[in-house]
Each structure stands twice: as C-alpha cells, then as structure tokens.
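# What the coordinates show
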Amino acid sequence: MIINRLIVPEGNKLEFNVEHHENDKLYELAEGELYYIKISDSVDPFTLRAYILSQNSHFSFPLTIEEGEYVFEIGILDERQDSRIILPALDERHRPLNQLLILRRLEY
C-alpha cells in the first residue's frame, strides 16, 4: 500500500514540502535540526541513491538519478547526527510505503 507518491520526469528538480505534526501542532525544527530525505532502490538490498538535507520543511533539488521506481524515507537529523524517522520507506514486510517515480523523458 503506497501512502505517499512523488512523481517527476528525469532530469527535473524535485520540489515538495514536509508537513509534520507532533502533539497536534505543526512541528518546527529545533536549533541544530535538519530534515532529510533518503532515496533508495525499491528492492532489497535497498541501495541508497540520494541523501538530501534541508534546513526547513521545503525540499528543492535537482535529480541525478536515472528513471525508475524508488522508495524514500523522511526524517529529522539533530546536531549530534542522531536521526529520527518520521516517514518510513517500507512496512514490516518490506513493502514500499513511500514511492518516488522518475519518469523517462522523450528523446528529441
């Protein structure tokens, strides 16, 4: 069951916002915290393809990954480099929860 899906043509910039709530309030990063996204292959061994950090809830970065289907997780990294996952990539059976689809561009 896919919960979140990001779709973008290859070579384009991937841009989205994280809306993370804790205790019924929109979460604000503490001093020294960063959001991160990890993008991996969608099959075992889940090879890491990208690891991007953001100082706020907005992500915007060019994709250098080839077309295909990937999984992603989003989390928070603190100043001690400890991470806390807020959006896991896979369920307990290793089925994708969050999917990134990079679509092929037409050649011209």
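Relevant structure appears above.
A brief report on the enclosed structure follows. Since this is a predicted model, take the numbers as computed values, not measurements.

## Here's the deal with the pairing of strand 5 (residues 34-41)
With respect to burial, strand 5 is a largely interior element, six of its eight residues being buried. By the bridge criterion, six bridges tie strand 5 to strand 6 (residues 48-54) in an arrangement that is antiparallel. Within strand 6, the position partnered with Ser-40 by the bridge is Leu-48. Once strand 5 ends, the chain turns through six residues before running back antiparallel as strand 6, passing Phe-46 with a positive phi of about 55°.

## Let's talk about the pattern of salt bridges
For side chains bearing opposite charge, pairing can occur when the charged atoms are close. Under the definition given, this model contains six salt bridges. Two residues, Arg-84 and Glu-22, come together in a salt bridge whose shortest N-O distance is 2.5 Å. Here Arg-84, found in strand 9 (residues 83-87), pairs with Glu-22, found in strand 3 (residues 21-22); they are 62 residues apart in sequence, far enough to count as distant. You can call Glu-22 partly exposed: its relative accessible area is 27%. Between Asp-91 and Arg-95 there is a salt bridge, with the nearest N and O atoms lying 2.8 Å from each other.

Conventions we followed
Residues numbered from 1 in each chain as written. Predicted model: local features only at pLDDT ≥ 70, side-chain atom pairs only at ≥ 80, totals over all residues. Heavy atoms only, no water. Buried < 20%, exposed > 50% of the residue type's maximum accessible area, 1.4 Å probe, protein only. Helix = DSSP H or I, 4+ residues; strand = E, 2+ residues; numbered from the N terminus. Pairing = 2+ DSSP bridges. Salt bridge = Lys/Arg side-chain N within 4 Å of Asp/Glu carboxyl O.

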